[in-house]
Every structure is written in structure tokens, then in C-alpha cells.
Amino acid sequence: SSGINAEYGGARSQSARTYLERHKDNFKDVEDLGELVAHALRALRDCLPNDSELTTKNVSVGYVGTEVPFTMKDDDEVAEYLKMIEEEKVAVPATGEEETMETQ
């Protein structure tokens, strides 16, 4: 039996936790590495302050599998994964996050 394990941590990790918990049932049927990495990047992106974005300079992707040795992708190698989520809408931060949305 194969399994997916996603980890999160840090001061702004609640949004990532919420994203990963909400989508965890979808992971077990995914066979495409790119799709799994895109999920991880979406979770990470949702943790960023409003004035920040994921770029090839601030993201590295690491993965390992039962028959895949640990592999790290940096810089331009990450670009293909970032492009997969580039046009998607950023989720609104979960309740209890440090940032709040202002209304007029």
C-alpha cells in the first residue's frame, strides 16, 4: 500500500494545514508527480503575506518515494511547477490567521 505524507510547519502554517487536510483524500489517487507538487505549492502559497509570491528564487521542491531517491529541484527546475499554479486564484486566509482582510 502506498501513501502520501505532507508536512507543514512554521508561524503561518495554519493555511497550509487547512489546505492539505481539505484535499488529502485526493492525493491517494494521484499518480502524476507534478500534480502532487502543485498541491504542495498551493498550500505554501496560501501561507504567504499578501504582498509576497512564490518564485524560483524562494522555492525549492524536494520529493522522495519508495522507488524514487530523494530529489531536490531548485531555481529554473521549479519554474515548471510554479507555472502550473500561476493563474489560479489565491485562497483567502483561514480564520485565526495573523493577517485580516479590511472592508470599507
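Residues numbered from 1 in each chain as written. Predicted model: local features only at pLDDT ≥ 70, side-chain atom pairs only at ≥ 80, totals over all residues. Heavy atoms only, no water.

Undergrad: Looking at this structure, I do not really get the packing of helix α1 (residues 14–27) against helix α2 (residues 33–45). What am I missing?
TA: Packed helix pairs are characterised by how far apart their axes lie and by the angle those axes make with each other. Direction vectors running N to C along α1 and α2 enclose 160 degrees, while the axes themselves pass 9 Å from each other. The angle between α1 and α2 places the two elements in the roughly antiparallel class. Crossing handedness for the pair α1 and α2: right-handed. Contacts from Ala-16, Tyr-19, Leu-20, His-23 and Phe-27 in α1 reach Leu-36, His-39, Arg-42 and Ala-43 in α2. (Axes fitted to C-alpha atoms, helices over the stretch in contact; angles between N-to-C directions. Helix = DSSP H or I, 4+ residues; strand = E, 2+ residues; numbered from the N terminus. Parallel < 35°, antiparallel > 145°, perpendicular 65-115°, else oblique. Left-handed = near helix turned anticlockwise from the far one by under 90°. Contact = heavy atoms within 4.5 Å.)

Undergrad: Please explain the pattern of salt bridges as it appears in this structure.
TA: Pairing between side chains of opposite charge can happen when their charged atoms approach one another. One pass over the structure, following the stated rule, counts 1 salt bridge. The closest approach of N and O atoms between Asp-46 and Arg-45, which form a salt bridge, is 3.8 Å. Take Asp-46: its relative accessible area is 9%, and that puts it in the buried class. (Salt bridge = Lys/Arg side-chain N within 4 Å of Asp/Glu carboxyl O. Buried < 20%, exposed > 50% of the residue type's maximum accessible area, 1.4 Å probe, protein only.)

Undergrad: What should I look at first to understand the confidence of the model for the protein in this one?
TA: One rule of thumb: low pLDDT means the predicted coordinates there are not for detailed reading. For the protein, per-residue confidence averages 79 on the pLDDT scale, and 74% of positions sit at 70 or higher. The least confident element of the protein, judged by mean pLDDT, is α1 at 84; the most confident is strand β2 (residues 68–73) at 94. Low pLDDT, under 50, characterises residues 95–104; the stretch is placed with 9 contacts to residues that sit more than four places away or in other chains. (pLDDT = per-residue confidence, 0-100.)

Undergrad: I keep staring at the packing of α2 against helix α3 (residues 76–85) and nothing clicks. Help me out?
TA: Where α2 meets α3, the axes come as close as 9 Å, and the angle between the chain directions of the two elements is 70 degrees. Taken as axis vectors, α2 and α3 run roughly perpendicular relative to one another. Residues Leu-33, Gly-34, Glu-35, Val-37, Ala-38, Leu-41, Arg-42 and Arg-45 of α2 form the contact with α3, whose own contacting residues are Tyr-81, Leu-82, Met-84 and Ile-85. Across the contact of α2 with α3, the residue classes break down as 8 nonpolar, 1 polar and 3 charged. (Nonpolar A, V, L, I, M, F, W, Y, C, P; charged D, E, K, R; others polar.)

Undergrad: Could you clarify how one ought to interpret α2 in this entry?
TA: Working note: α-helix, 3.6 residues per turn, so residues spaced by three or four point in the same direction. Its 13 residues place the ends of α2 18 Å apart at the C-alpha level, agreeing with the 18 Å of an ideal helix rising 1.5 Å per residue. Looking at α2, one finds that the buried residues are Gly-34, Val-37, Ala-38, His-39, Leu-41, Arg-42, Ala-43 and Arg-45. On its buried face, α2 is in contact with α1, β1 (61–65) and α3. (Expected span 1.5 Å × (residues − 1).)

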